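Single-letter residue listing:
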Amino acid sequence: MAKPHVNDRGFIRCPCNRCINNAQHQLEVLETHIHRFGFMSDYNDWIYHGENVYAASSSNVLHPNSGVHDRDEMFEVLEDIISNDAEVDQLGSQSSNVQYDDLFTALNSELYPGVSSFSSLNFLVKLMHLKVMNKWTNKSFDELLKLLKLAFPKMDLVESHYEAKKLMTKMGLGYQSIHVCKNDCALFWNENSMSETCPVCFESRWKMQAGRRLCKNVPHKVLRYFPLAPRLKRLFATSKTAKLMRWHQSGKSTDDNVMRHPVDGRAWKDFDSKHTEFADDVRNVRLGLAADGFNPFNNMSISYSMWPIVLTTYNLPPWLCMKSEYLMLSLLIPGPQSPGKDMDVFLRPLIEELNELWKNGIDTRDASNDRKVFKMRAALLWTVNDFPARSSLSGWSGQGYKACPTCNENTPSMRVIGKTAYFGHRRFLPSTHRWRSNLDFDGRTDRKRPPRRFSSVDIMDQLRRVKTTIPGKHPNYGGVKRKRGDDELNWRKKSIFYELPYWAEIELKHNLDVMHIEKNICDSLLGTLMGDPHKSKDTDNARRDLQNLGIRSELHLYEDGNKLMKPAAEYTFSEANRRKFCRFVRSVKFPDGFAANLWKNVAQNDSRIVGLKSHDCHVIMQRLLPVGCRSLVNKTISSTIIELCTFFNQLCARTVNVTDMVKAQDQLVIILCKLERIFPPAFFDIMIHLVLHLPEEAILSGPVFMQWMYPFERYLKRLKDYVRNAAKPEGSISEGYVVDEALTFCSRYFDDIETRFNRPDRNDDGIHRTRRLFVFESQCKPMGKQSQVYVEKNMRDRAEFYILNNSPEIETYLNQHKQELQLRGCLNPDKAHRNEFADWFFEKINAMNRVHAPEVTHELLSLASKSNVFVSSYPACIVNGVRFVTHARDVRLKTQNSGVSVPGTENEMFYGQLQEILEFSYLNDFSVVLFKCKWFRCDSRRMVTENNITSINITSESYKDDQFILASQAQQVFYVEDPSRGPNWRVVQHVNHRSIWDITEDGMNDIDLLQDNSSSNFTLFVDLGNLPQINLQRNDGDVIPIVQPFTAVSQHVYETVSFLNDDDEEDVSEEDDETVEESADEETDEGNDAVDTEEDDDDHSYHTSDSD
């Protein structure tokens, strides 16, 4: 009916009750408006749509008397989907509505005769959403549908999960299946889409059996491509996310020295200055790309490496852009082998679409701006990968003498027995620094200049010298190994990303992943300190390296008769200290949700720590290792380790201070030089060296929690859960992702069921009524059994005075009473004020109430009337998203939630333990929750702060007459033992919770990790000390045989083994280095790709152990 009357852009006036012919829409939008709002009641002459034309143009029209509830959320869902999925410049046509026919039919159908509150579509979408949220199996869902059909025979519902998934897919965005050559040479796509053989290696496109093609054409490999443009358009399709896509403009920091988001980083600002036309429209999208390999099977004995390419949108606020709901799967590269150097072959569809989005953009409707059409463009800012994957994407090999992509050809490196060590950081020191002339580092002076910065022009000049290689793994074509020329440096290829017009000018192209760097450094440090034979860098070859360099003679291997002995080093724990450190780790109890229980990783005999995940290493590096090593190794060694750990604390803060990173850049050079003086050269793998470049990258990209692999690794676990058919893992993931994507979009509109967007946090304390008085805002969500407790008058008086004294609204009355005491000539006015104010205040307010003073409100009268003599007591509660537990209960738990702190009037901190949680009741149903705490004495003798570590003596108590604080004032801390000061001392660890942000904004959510709010919370101070004179031989008399199983070595006992000479060691000649590097690259890439995201303790470990 309306189709013949659309204008040249495909728009027509909308006759619904809301638009009343004043607004113009496409036919699809008009259709959903009529479904939802009905026709205008007084529109009798259809002058805008053709007089005397009454027949509907589509079977999809829902009339006002259709019986379906007019507030069904699915009306709005379909309206947003159709309005944004339709091409803006395309005429409305019946064919464009065909894919939505089944959806409209289900939307028009009542779930059950007489039930108008649910359409069939609404019920099915919510039921599917519950299936996804609660991880029901497909079979259980089918059984539930059968049961519903048996119980309600007239229910209009699908028969099986298969039918439900087909219907949900119509709301999804779909994907493309692209065939791939069996040798990864090329895609059968675009100009090769009809080819039967690979254009490179000429292998058949199809699987063969006995030299013949199968009855049905079955390709060797299938790449799944999920188009980017429609997914970006969906972000603007609903007002729930369209407004958030502008956050980077409105929420960026106003202080150039403070970074809370990538928009505050130098790289973003530099990109905007070079591409002003792109930056002028804040709705243009900035993307980050992550690639990683994982094993989709639970059985890790099966070698299989599948590579998803995931995109994130940096337009969003920092608490959303790394959430799984906002990550977009772009490519699913099939296994079983990793793509390795052929990654560019698979990235081709994405790069072409990114080029299109950059050059021409795509018409998009902005739901936050009256659905006006704008030209949306997109740009890729950088990639986020672990180091081996970075080599595949960037083209720069992470192996060999020039492994560092930042130092480039000037990477500090040296050859040691069996490996390359990245040693020689004195070159980064000032040219006149005294350490440059010291021979104790490597037996030589160092006069080399620091590596120069390589500009974009320099990099492009290097890439022009790189030879073009044949892609693929065919042994006669792309699989032929070649030796790189000297002029090619470590470049293996020119990355496909350089086909993006802006890529060459981007200042930071590939981020160094802090997660894996921190994990590998933790493994190296902890393995060496603990003497772990699998991860220690203090190997026999490492000692031979010292002998070859002629340094640290006290650590050289020496002969005892016909035996070879290895002196114990100062940087390793003795047997007693190793057990002490293990007991320390076993004793640690973290707050609820902070970290895993590390006691599970400590061996039963307290001899080693095993099975650490990436986040375990994150916690150990930043929380435990600085505390635990202080008394177990030499002070010079422990202070150096503490300085390195302090840097990671600064780096991983939510808010990064540019000044802190600039200082850290210089101080890290000193730290690495100190480490070089302590540990043997073999300790310095590429991960140790890369730490030097992390501050500069943080200045470029902003806070690292938006550029590390934690959220992407967890997203891989979500993709792994989609696998229901082990024979077709890629197909299972693709189909599951499309359905889940559609359900996630629909769930934004649901308020009556729990979704990913409205589900309460684990420690959600609910919604409390707003009060006028500050003290009545001190509420909590109680946990555990409530008990009524009689409070003695003395304690109740102290509690009530604390409440009154902390009520800023009655400060006038407090001052008035103090003045009266002074006029009265009271000898001890403070004591009199505490004892008399409550009664004075009660009489004052009641007198004012009798004369109906307007200042006297119900809250003020209740506060003056004192509390009930019986109070409610709870063993635990949740306050402002933080869980607190009384100490009596806390000692029985495996978590620690009883530590509290509160700032004083002069910014000093008071620390204590929560003893009781008391709720004082007042008139008119008002109440105040108080914490009764045991406060530790915080004077200079009982609280010591050294190297950012605050230790406190817990045996000395203070403020026994002032034990109360408001629950809303409490800040959570936890305590760990301090091995360096004795059993009565504890180290205070501050906690900043995931759901608490300094930025005020609606819709905040938690991020992955618990971090400190600002890098300025930590002061990185590097002490030079007397480092050159350090003696690195442990003076306890231990001598370790060079071959022995990992068992405790008794002190002063010499165990012997057969003499081993250097001829038994494997050596690699320099002339074969290039060949070794090339093969090592491929082995590393493939070996590190087939990983399980649940077991990331061994994933992507880079040079974590040495073999002798």
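Computed from a predicted structure; not experimentally measured.

A word on the overall build of the protein chain. Along its length, the protein chain carries 30 helices and 37 strands. Within the protein chain, contacts between residues at least 6 apart in sequence are counted, and of these 70% link residues at least 24 apart. Surface accessibility of the protein chain: about 46900 Å² in total, with carbon and sulfur atoms responsible for 47%.

Attention shifts here to the side chain of Glu 859. Here Glu 859 lies in helix H28 (residues 858-864). The buried charged residue Glu 859 lacks any salt bridge partner; its closest oppositely charged side chain belongs to Arg 771, at an N-O distance of 5.1 Å. A polar contact is formed between the side chain of Glu 859 and the backbone nitrogen of Leu 773, at a distance of 2.9 Å. Every residue in contact with Glu 859, bar those within four places of it in the chain, is listed here: Arg 771, Arg 772, Leu 773, Phe 776 and Phe 926.

In this model helix H12 (residues 343-359) runs 24 Å from its N-terminal to its C-terminal C-alpha over 17 residues, within 8% of the 24 Å that 1.5 Å per residue would give. Largest kink in H12: about 45°, centred on Pro 349. With 13 of 17 residues buried, H12 is to be regarded as a mostly interior element. Count one or two residues on from H12 and you reach Gly 361, which has phi positive near 70°.

As a further point, take the pattern of salt bridges. One pass over the structure, following the stated rule, counts 50 salt bridges. A salt bridge links Lys 269 to Asp 256, with the nearest nitrogen and oxygen atoms 3.8 Å apart. Of the two residues, Lys 269 is situated in helix H10 (residues 266-274) and Asp 256 in the loop between helix H9 (247-250) and strand E10 (258-259); the sequence distance between them amounts to 13 residues. The class for Lys 269 is partly exposed, based on a relative accessible area of 37%.

We now examine H10. Taken residue by residue, H10 has Ala 267, Trp 268 and Phe 271 as its buried positions. Down the axis, H10 shows its buried residues gathered within 100° of arc, on one side only.

With that settled, the discussion passes to the sheet that holds strand E23 (residues 781-783). Pairing in this open sheet of three strands is antiparallel, and the strands run E23-E26-E27 from one edge to the other. The two strands at the open ends of the sheet, each matched to only one other strand, are E23 and strand E27 (882-885). The sheet shows a mean angle of 25° between the axes of neighbouring strands, direction not considered.

Thresholds, definitions, all that
- Residues numbered from 1 in each chain as written.
- Predicted model: local features only at pLDDT ≥ 70, side-chain atom pairs only at ≥ 80, totals over all residues.
- Heavy atoms only, no water.
- Helix = DSSP H or I, 4+ residues; strand = E, 2+ residues; numbered from the N terminus.
- Contact = heavy atoms within 4.5 Å.
- Areas by Shrake-Rupley, 256 points an atom, 1.4 Å probe, with all protein chains shown as cover.
- Buried < 20%, exposed > 50% of the residue type's maximum accessible area, 1.4 Å probe, protein only.
- Lys, Arg positive; Asp, Glu negative; His and termini not counted.
- Salt bridge = Lys/Arg side-chain N within 4 Å of Asp/Glu carboxyl O.
- Polar contact = N/O pair within 3.5 Å; in protein donor to acceptor, adjacent residues only side chain to side chain.
- Expected span 1.5 Å × (residues − 1).
- Bend = angle between axes of the 7 residues up to and from the residue.
- Arc of directions from axis to C-beta.
- Pairing = 2+ DSSP bridges.
- Axes fitted to C-alpha atoms, helices over the stretch in contact; angles between N-to-C directions.

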